Amino acid sequence: MIAGQSLERIVVTRDPAGTRALAGALAAVARAGDLISLVGDLGAGKTQFAKGFGAGLGITDTIVSPSFVLMAEYRGRLPLFHVDLYRLADAAEALAGGLIDDRQAEGVTIVEWAERLADAMPAERLDVLIDGAGDDPRRITIRPGHSAYARYLEAVPATVETADEAGTAAATTPEPER
Ligand SMILES: Nc1ncnc2c1ncn2[C@@H]1O[C@H](COP(=O)(O)OP(=O)(O)O)[C@@H](O)[C@H]1O
Ligand SMILES: [Mg+2]
């Protein structure tokens, strides 16, 4: 690690559209084979993030949480594989259910409740941690788990509140009043 180098970005969004816009901006740098881990409580905004990311990939179908399947596939600039492990009993079940699939090398895989996979989740991934609930603003941490994912840090829009590695808030361009 290099001192002073930004290892993560923290973005505050004030509504679901803000979270979708952030995710859409990140999708601009998505590459085939990317893996994104979404971690946050129920109602944090993981599915909102997936919707925005899908929109950024040019997906026009409505992205909903896959309720009866572990993984749903959507067609866009890259295929999007949307995984929701909310109802998962354990990681072994996911792996037995074919969660890691050869086709994913050709698209982007977004995993809600990724922490339920524990060590079965590959370390080469982008971590997205969402804090906040209800109508409160969401604090969204974008953290590459590998240098191959550093490009996502560059894709974070400049017009959002950001924080440096030490967590000191440094608002850039103020958000317009709504
Ligand atoms: N800043 C925000 N970002 C995302 N969602 C928000 C935000 N503020 C309020 N919400 C609301 O929180 C809920 C998030 O739901 P969802 O994305 O399904 O959560 P999860 O998939 O994490 O369980 C939605 O009802 C959304 O309207
Ligand atoms: Mg969800």
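These figures come from a predicted structure and were not determined experimentally. (Residues numbered from 1 in each chain as written. Chains lettered and ligands numbered in written order. Predicted model: local features only at pLDDT ≥ 70, side-chain atom pairs only at ≥ 80, totals over all residues.)

Visitor: Looking at this structure, I do not really get the overall build of the chain. What am I missing?
Guide: Regarding its fold elements, the chain presents four helices and nine strands. For the chain, the succession of helices and strands along the chain, N to C, is β-α-β-α-β-β-α-β-β-β-α-β-β. Pairs at least 24 apart in sequence give 67% of the contacts found in the chain among residues at least 6 apart. (Helix = DSSP H or I, 4+ residues; strand = E, 2+ residues; numbered from the N terminus. Contact = placed C-beta atoms within 7 Å.)

Visitor: How do you make sense of the site of ligand 1 when you look at a structure like this?
Guide: Neighbouring ligand 1 are 18 residues; Thr19, Gly45, Lys46, Thr47 and Gln48 lie closest to it. Secondary-structure elements contributing two or more residues to the shell around ligand 1 are α1 (16-27) and α2 (46-56). Among the residues forming the shell around ligand 1, the class breakdown is four nonpolar, eight polar and six charged. (Near = placed C-beta within 6 Å. Nonpolar A, V, L, I, M, F, W, Y, C, P; charged D, E, K, R; others polar.)

Visitor: How should I be thinking about the pairing of strand β2 (residues 35-39) in this particular structure?
Guide: Along any regular strand the residues' side chains alternate between the sheet's two faces. Burial runs high along β2: four of the five residues are buried. Strand direction decides the pairing type here: β2 and strand β5 (residues 108-112), joined by four bridges, are parallel. The partner of Leu35 across the bridge, within β5, is Thr109. Bridge count between β2 and strand β6 (residues 126-131): four bridges; the pairing is parallel. From the neighbouring strand, Val39 faces β6, where its bridge partner is Leu129. (Buried ≥ 20, exposed ≤ 12 C-beta atoms within 10 Å, placed from the backbone. Pairing = 2+ DSSP bridges.)

Visitor: Would you mind showing me how to read the packing of α1 against α2 here?
Guide: Packed helix pairs are characterised by how far apart their axes lie and by the angle those axes make with each other. Look at α1 against α2: their axes get within 7 Å of each other, and the N-to-C directions meet at 45°. Classified by the angle between their axes, α1 and α2 sit oblique to one another. Between α1 and α2 the crossing geometry is right-handed. For the pair formed by α1 and α2, the contact residues are Pro16, Thr19, Arg20, Ala21, Leu22, Ala23, Gly24, Ala25, Leu26 and Ala27 on the first element and Gln48, Phe49, Lys51, Gly52, Phe53, Ala55 and Gly56 on the second. Broken down by class, the residue content of the contact of α1 with α2 amounts to ten nonpolar, five polar and two charged. (Axes fitted to C-alpha atoms, helices over the stretch in contact; angles between N-to-C directions. Parallel < 35°, antiparallel > 145°, perpendicular 65-115°, else oblique. Left-handed = near helix turned anticlockwise from the far one by under 90°.)

Visitor: Would you mind showing me how to read the nonpolar core here?
Guide: Where a protein is soluble and globular, its nonpolar side chains tend to be buried together. One finds Ile36, Phe53, Ile110 and Val128 to be the most contacted residues of the largest nonpolar core, which totals 35 residues. Residues contacting Val128, with those up to four places away along its chain left out, are Ile36, Ser37, Leu38, Phe49, Ile140 and Ile142. (Core = buried A, V, L, I, M, F, W, Y, C linked by C-beta atoms within 7 Å.)

Visitor: Teacher, can you tell me more about the environment of Arg143 here?
Guide: Structurally, the position occupied by Arg143 is in strand β7 (residues 138-144). C-alpha separation for the pair Arg143 and Glu8, spaced 135 residues apart in sequence, amounts to 4.6 Å. Contacts of Arg143, omitting those with residues within four sequence positions, involve Glu8 and Asp127.

Visitor: I keep staring at unusual backbone geometry and nothing clicks. Help me out?
Guide: Trans is the common state for peptide bonds, and a negative phi is the common state for residues other than glycine. At Trp113, a position not held by glycine, the phi torsion is positive, near 60°. With respect to the helices, strands and loops of the structure, Trp113 is situated in the loop between β5 and β6. A tally of 19 C-beta atoms within 10 Å means that Trp113 is categorised as partly exposed. Look at Ala118: it is not a glycine, yet its phi comes out positive at around 50°.

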